[in-house]
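Residue-level listing of the chains:
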Amino acid sequence: MTHEPSNVPDHCLEAVRTSVMCHPDLTPHPLHWAEHMPDHPLVANPNVARECVDWIYLHEFMEPRKYHLPQVMEGMRETGQKMPGEE
């Protein structure tokens, strides 16, 4: 498999980048047909209200709520639950 230079315009990559950075759910921009543009008939709607995620707040919120796998496994054993693969 050979890798050819990308024909994806920079603004398309920027839309993906900002979507990833601003929305952890990765909801893309809505697309619409632009029949007056035969070389590029499918375009993203730029009129989308977006609000970027406050990554510091999200991290601070999630940090005290995280569990490590050994903790989960021990909790399952203490409650009599079987681990996946156990009979």
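Residues numbered from 1 in each chain as written. Predicted model: local features only at pLDDT ≥ 70, side-chain atom pairs only at ≥ 80, totals over all residues. Heavy atoms only, no water.

## Comments concerning the overall build of the chain
For the chain, the count of helices and strands is 3 helices and 2 strands. Listing the helices and strands of the chain from first to last along the sequence gives α-β-β-α-α. In the chain, which comprises 87 residues, the share counted as buried stands at 8%. Summarising the internal contacts of the chain: among those between residues at least 6 apart in sequence, 27% fall at separations of at least 24. (Helix = DSSP H or I, 4+ residues; strand = E, 2+ residues; numbered from the N terminus. Buried < 20%, exposed > 50% of the residue type's maximum accessible area, 1.4 Å probe, protein only. Contact = heavy atoms within 4.5 Å.)

## Observations regarding the packing of aromatic side chains
Within a pair of aromatic rings, the relevant descriptors are the distance that separates the centres and the angle that separates the planes. All told, the structure shown has 1 aromatic pair when counted by the stated rule. Seen in terms of ring centroids, Tyr57 and Phe61 are 6.3 Å apart; in terms of plane orientation they differ by 25 degrees. Their pairing is stacked. Separated by 4 residues within a single helix, Tyr57 and Phe61 lie in helix α2 (residues 55–62), roughly one turn from each other. Above the face of the Phe61 ring, Arg65 is positioned so that its terminal group lies 3.8 Å from the ring centre. (Phe/Tyr/Trp six-rings, centres within 6.5 Å; stacked < 30°, edge-to-face > 60°. Lys NZ or Arg CZ within 6 Å of the ring centre and 35° of its normal.)

## Overview of the confidence of the model for the chain
Regions with low pLDDT carry predicted coordinates that are not meant to be interpreted in detail. For the chain, per-residue confidence averages 76 on the pLDDT scale, and 77% of positions sit at 70 or higher. Mean pLDDT per element in the chain: helix α1 (residues 10–22) is the minimum at 77, and α2 is the maximum at 88. (pLDDT = per-residue confidence, 0-100.)

## Section: the environment of Val53
Among the structural elements, Val53 can be located in the loop between β2 (42–44) and α2. The class for Val53 is partly exposed, based on a relative accessible area of 24%. Along the primary structure Val53 and Met21 are separated by 32 residues, whereas in three dimensions their C-alpha atoms are 7.6 Å apart.

## Re a nonpolar patch on the surface
On the surface, Leu31, Trp33 and Leu42 cluster together into a nonpolar patch covering about 370 Å² of accessible area. Topologically, Leu31 is positioned in strand β1 (residues 31–33). (Patch = residues over 30% accessible without salt bridge, like charges linked within 9 Å, V, L, I, M, F, W, Y side chains within 5 Å. Areas by Shrake-Rupley, 256 points an atom, 1.4 Å probe, with all protein chains shown as cover. Salt bridge = Lys/Arg side-chain N within 4 Å of Asp/Glu carboxyl O.)

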